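Reading the structure
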Amino acid sequence: MDNFDVIIVGGGLAGLTAAIHLRRENYSVAVFESKQYPHHKVCGEYISNEVTPYLTFLGVSLPQTFQLNEMLLSTEKGEALRAKLPMGGFGISRYTLDNLLYQRALDLGATVFFNSVSSISYENDNFKIGVEPGKEYGCKFVIGAYGKRGVLDKDLQRDFIQLKSPWLGVKAHYKLDSFPDNLVAIHNFRGGYGGLSKTENGAVNFCYLVSYDSFKKEKDIAGFNQNIIARNPYLGTFLNDAEMLFDRPLSIGQISFHKKKPVQKHVIMCGDTAGLIHPLCGNGMAMAIHSAKIASELIHAYFKNGLQNRTRLEKDYETQWNNVFAKRLWMGRQLQDLLLNPKLSNLAMGILANSPYIVNKLIKNTHGQIIQC
Ligand SMILES: Cc1cc2nc3c(=O)[nH]c(=O)nc-3n(C[C@H](O)[C@H](O)[C@H](O)COP(=O)(O)OP(=O)(O)OC[C@H]3O[C@@H](n4cnc5c(N)ncnc54)[C@H](O)[C@@H]3O)c2cc1C
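Let us look at the structure shown here. These numbers come from a predicted model, not from an experiment.

In this section: the packing of helix α9 (residues 310-339) against helix α11 (residues 356-366). Following both chains from N to C, one finds α9 and α11 inclined at 130 degrees, their axes separated by 8 Å at the closest point. Viewed along their axes, α9 and α11 adopt a mutual orientation that is oblique. Listed contacts from α11 to K327, R328, M331, G332 and L335 of α9 are L362, N365 and T366. When grouped by side-chain class, the residues that make up the contact of α9 with α11 number 3 nonpolar, 3 polar and 2 charged.

Shown next, in the form of structure tokens:
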């Protein structure tokens, strides 16, 4: 059986960041990822600037792209407010970003397997990872970075997997040169909301989140776009003027925002596997990268600084994870509940439109600080 210091399940932002960080410290690292790179993912593709110095520290060279520092928020009826994003972010497609991290992980000597992990078992202070078809790998630590929800959540008997996850995500890139370079626009519609912003090659990403209840009343994505989304005047104009660059939109189902445990059966969970923030807050990518940093530093401390105590490492990870992310996730939940309630959303937007102070506070509380290296 092949053995590694650390096996990372899932090669998205969290998994690849952890692989890069740990390879820089010379640990033997394997990443298991079910899809080849590069690939598109359902995501708003606005990433907070809090990650930039850390990505530079990891040696990831980001391409020239658009700085996004202004937000436009509109209700279903088109009432809108604008606000500055104090820290701001940048627009980059997951097609490019995940592939950049993958290349960096390879350059540093990480082993990347393109397989789905089907089981994780812990015995005698070590792990066995089961991979289809019937192969096993061993390691001291497992980082679970396999995203929002998957078969492994059943295998690890995670509580949230029993609960309904009634959200659907849809995304496609569009050509619309007149779309402002620095804008993140978030527009409400019945049962959901969608974000618009430019990515590194000038394509405008339109990504939305919608409840199944709202979506299932229409036949398909085209029908939903035409009959529901286009009722928001901003989105109606966008869909009318823009040209879709994908053959068809990408979609994912069963998106879960339920509370999860950052450590389960000794597996250290990073990114969405530990908890997904509502996309309205535009911060899941930064949280994925940040959580990978916290996990990698604690694993390094375990091996190098004499911590050598798994229980302590797990407790420290839980504490740090909660300190950094729990409040943001809570704020995200409250904001989403408010903005998806048609009556409250109009009222709230009316108040917010006249209260730049409250808007700035909300933006601050759903974003993090620059990640210190
Ligand atoms: C509609 C929507 C819009 C969003 N918009 C934004 C935004 O604008 N800005 C932002 O910051 N965040 C946004 N987010 C959140 C953001 O996309 C996530 O927080 C981020 O992708 C988390 O990265 P991750 O590495 O945890 O997971 P992922 O990027 O999902 O990576 C998980 C990886 O694990 C792999 N995998 C899964 N199971 C297995 C297995 N068993 N074996 C091997 N590999 C496996 C998958 O193929 C995948 O590549 C949005 C989310 C949604 C749903």
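Quick look at helix α7 (residues 233-241) now. All of the buried residues in α7 are L235, G236 and F238. One face of α7 carries all of its buried residues, which in axial projection span an arc of 165 degrees. The inward-facing, buried residues of α7 abut β10 (167-175), β11 (183-189), β12 (192-198) and β13 (204-211). Looking at where α7 begins, the residue whose side-chain oxygen comes 2.8 Å from the main-chain nitrogen of Y234 is N232.

Okay, the environment of T17 next. Along the polypeptide, T17 turns up in helix α1 (residues 13-24). For T17, a relative accessible area of 1% puts it in the buried group. Taking C-alpha positions, T17 is 20 Å from P279, a pair spaced 262 residues apart along the chain. Residue contacts for T17: discarding those within four places in its chain leaves Y54, L58, L101, I289 and A292.

On to the packing of aromatic side chains. Applying the stated criterion to the full structure yields 23 aromatic pairs. Residues W167 and F257 carry aromatic rings whose centres are separated by 6.1 Å and whose planes lie at 80 degrees to one another, so their mutual orientation is edge-to-face. Placement of the pair is W167 in strand β10 and F257 in the loop between β15 (250-252) and β16 (263-264), with a sequence separation of 90 residues. The residues W167 and F257 share a single accessibility class, namely buried. Ring centres of F206 and Y208 lie 5.4 Å apart, and the angle between their planes is 45 degrees; this geometry places the pair in the tilted category. On the basis of relative accessibility, which here comes to 2%, the residue F206 falls in the buried class. Each residue in the set Y174, F189, F206, Y208, F215, F224 and F238 is aromatic and connected to the rest through ring pairs, giving one cluster. Sitting above the plane of the F57 ring, R24 keeps its charged end 4.4 Å from the centroid. We note K293 situated over the ring of Y54; from NZ or CZ to the ring centre the distance is 5.8 Å.

Cis rather than trans, the peptide bond between Y37 and P38 has omega equal to -10 degrees. Look at the link from E132 to P133: it is a cis peptide, with omega at -5 degrees. Tracing the chain through its elements places P133 in the loop between β8 (126-131) and β9 (135-144). Residue Q254 is not a glycine yet carries a positive backbone phi of 55 degrees. Of note, Q254 is situated in the loop between β15 and β16. The class for Q254 is partly exposed, based on a relative accessible area of 42%.

Another point: the site of the ligand. Around the ligand sit 34 residues, and of these E33, G44, Y46, R94 and D272 come closest. Between a nitrogen atom of the ligand and a main-chain N or O atom of V117, the distance comes to 2.9 Å. Across the complex, the protein chains shield 92% of the 1,000 Å² of accessible surface that the ligand would expose by itself. Among the secondary structure elements, those contributing two or more residues to the shell around the ligand are α1 and α8 (284-304). It is α8 that contributes the most residues to the shell around the ligand, 3 residues altogether. Along the lines of polarity and charge, the residues of the shell around the ligand split into 16 nonpolar, 12 polar and 6 charged.

With that settled, consider the side chain of S48. Residue position: S48 is located in strand β3 (residues 46-48). The exposure class of S48 is buried, given its relative accessible area of 0%. In this view, S48 contacts M87, G88, G89, F90, N283, A286 and H367; residues no more than four positions away in its chain are not counted.

Between α1 and α8, the least distance of the axes is 8 Å, while the angle of their chain directions is 35 degrees. Along this stretch, α1 crosses α8, giving a crossing that reads as right-handed. Where α1 abuts α8, its residues L13, A14, T17, A18, H21 and L22 lie against M285, A288, I289, A292, K293, S296, E297 and I299. Broken down by class, the residue content of the contact of α1 with α8 amounts to 9 nonpolar, 3 polar and 2 charged.

What counts and what doesn't
- Residues numbered from 1 in each chain as written.
- Predicted model: local features only at pLDDT ≥ 70, side-chain atom pairs only at ≥ 80, totals over all residues.
- Heavy atoms only, no water.
- Axes fitted to C-alpha atoms, helices over the stretch in contact; angles between N-to-C directions.
- Helix = DSSP H or I, 4+ residues; strand = E, 2+ residues; numbered from the N terminus.
- Parallel < 35°, antiparallel > 145°, perpendicular 65-115°, else oblique.
- Contact = heavy atoms within 4.5 Å.
- Nonpolar A, V, L, I, M, F, W, Y, C, P; charged D, E, K, R; others polar.
- Buried < 20%, exposed > 50% of the residue type's maximum accessible area, 1.4 Å probe, protein only.
- Arc of directions from axis to C-beta.
- Polar contact = N/O pair within 3.5 Å; in protein donor to acceptor, adjacent residues only side chain to side chain.
- Phe/Tyr/Trp six-rings, centres within 6.5 Å; stacked < 30°, edge-to-face > 60°.
- Lys NZ or Arg CZ within 6 Å of the ring centre and 35° of its normal.
- Near = heavy atom within 4 Å.
- Areas by Shrake-Rupley, 256 points an atom, 1.4 Å probe, with all protein chains shown as cover.
- Left-handed = near helix turned anticlockwise from the far one by under 90°.

Honestly, that's just the spatial picture; any functional story needs more than this.
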